[in-house]
Amino acid sequence: MFDVKPSKLAGCLELQPKVFDDARGRFVKVFHEQAFAAQGLETGFAEEYYSVSHKNVIRGLHFQLPPMDHVKMVYCVAGEVMDAVVDLRAGSPTYGQFDLFELSAAKANSIYIPKGMAHGFCARSDQAIMVYKVGTIYSPAHDAGVLWNSVGIPWPTTEAILSARDQSFPSFDKFASPFRYE
Ligand SMILES: Cc1cn([C@H]2C[C@H](O)[C@@H](COP(=O)(O)OP(=O)(O)O[C@H]3O[C@@H](C)C(=O)[C@@H](O)[C@H]3O)O2)c(=O)[nH]c1=O
């Protein structure tokens, strides 16, 4: 159904679904309940949304706080992004470390992000459309972040376009993580 590639952060996976190209274009199945369950992945997604970003837009680094923390699955259906995931789980062997992924419509790959990780990306193409599935509903009171440039991620732009909110998040070293590694 899809190939699963582990990342350097335990539980964060790169998924490569099968891609069917033909004379009409392309078909890609990104989610299959039984196949996800067989891999021990979340299947009960509560919301799905997408964003459209211009080149050099950086969004992140985002997560929801407990008890509204959630699993997230992301993929790019137009353009390409550099995707970044940061381990916020205190006690994790990779606490404070990040992993980077090239996500693109051409590759049709996805990233599965467990609870306790922050997520962000930088749009590399003129337009990048990112689709998300998340395990619990959006809760503005729990929606949080750490500062995009406080964990050493080598962002692929010197002209980052960020929201005011994303620039106001605490740096990683000032963030008291409520997440625990289990
Ligand atoms: C995430 C979210 C935002 N919103 C609203 C709040 C705001 O007015 C507008 C835009 O929100 P944001 O600026 O947070 O959008 P954005 O920066 O694109 O947020 C996303 O960033 C990436 C990195 C993620 O990982 C996602 O889970 C999500 O946090 O949409 C919702 O109504 N529901 C939602 O689930």
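Basis of the calculations
- Residues numbered from 1 in each chain as written.
- Predicted model: local features only at pLDDT ≥ 70, side-chain atom pairs only at ≥ 80, totals over all residues.
- Heavy atoms only, no water.
- Near = heavy atom within 4 Å.
- Polar contact = N/O pair within 3.5 Å; in protein donor to acceptor, adjacent residues only side chain to side chain.
- Areas by Shrake-Rupley, 256 points an atom, 1.4 Å probe, with all protein chains shown as cover.
- Helix = DSSP H or I, 4+ residues; strand = E, 2+ residues; numbered from the N terminus.
- Nonpolar A, V, L, I, M, F, W, Y, C, P; charged D, E, K, R; others polar.
- Phe/Tyr/Trp six-rings, centres within 6.5 Å; stacked < 30°, edge-to-face > 60°.
- Buried < 20%, exposed > 50% of the residue type's maximum accessible area, 1.4 Å probe, protein only.
- Pairing = 2+ DSSP bridges.
- Axes fitted to C-alpha atoms, helices over the stretch in contact; angles between N-to-C directions.

## Looking at the site of the ligand
(1) Moving on: The full set of residues close to the ligand is E47, Y49, R59, H62, K72, H119, G120, Y132, Y138 and R165.
(2) Moving on: Interatomic distance of 2.8 Å between a side-chain N/O atom of H62 and an oxygen atom of the ligand.
(3) Moving on: Between an oxygen atom of the ligand and a side-chain N or O atom of H119, the distance comes to 2.7 Å.
(4) Moving on: For the ligand, whose free accessible area comes to 660 Å², the fraction covered by protein is 65%.
(5) Moving on: Going through the elements one at a time, β5 (47-54), β6 (58-64) and β11 (117-123) are the ones with two or more residues in the shell around the ligand.
(6) Moving on: Residues that form the shell around the ligand fall into these classes: 3 nonpolar, 3 polar and 4 charged.

## A few points about the packing of aromatic side chains
Given two aromatic rings, one states the distance between the centres and the angle between the planes to describe the pair.
(1) Moving on: In this structure the tally under the stated criterion is 10 aromatic pairs.
(2) Moving on: Here the aromatic rings of F2 and F36 are separated by 5.3 Å at their centres, their planes lie at 65 degrees, and the arrangement is edge-to-face. With F2 in strand β1 (residues 2-6) and F36 in helix α1 (residues 33-38), the pair connects residues that are 34 residues apart, well separated along the chain.
(3) Moving on: Here F2 falls in the buried class, since its relative accessible area comes to 16%.
(4) Moving on: For the ring pair Y95 and F172, a centre distance of 5.4 Å and an interplane angle of 50 degrees mean the geometry is tilted. Placement of the pair is Y95 in the loop between β8 (80-87) and β9 (98-104) and F172 in the segment after α2 (164-167), with a sequence separation of 77 residues.

## Quick look at the side chain of E14
(1) Moving on: Mapped onto the elements of the fold, E14 is located in strand β2 (residues 13-17).
(2) Moving on: Here the side chain of E14 touches N109 through a polar contact of 2.9 Å, side chain to side chain.

## Section: the sheet that holds strand β10 (residues 110-113)
(1) Moving on: Read across the sheet, 6 strands follow the order β1-β2-β10-β7-β12-β5 without closing on themselves; strand pairing throughout is antiparallel. Only two strands of the sheet have a single partner each, and these edge strands are β1 and β5. Sheet twist, expressed as the average angle between the axes of neighbouring strands with direction ignored, equals 25 degrees.
(2) Moving on: The pairing of strand β7 (residues 72-78) with β10 spans 4 bridges and is antiparallel. For Y75, the partnering residue across the bridge sits in β10 and is S110.

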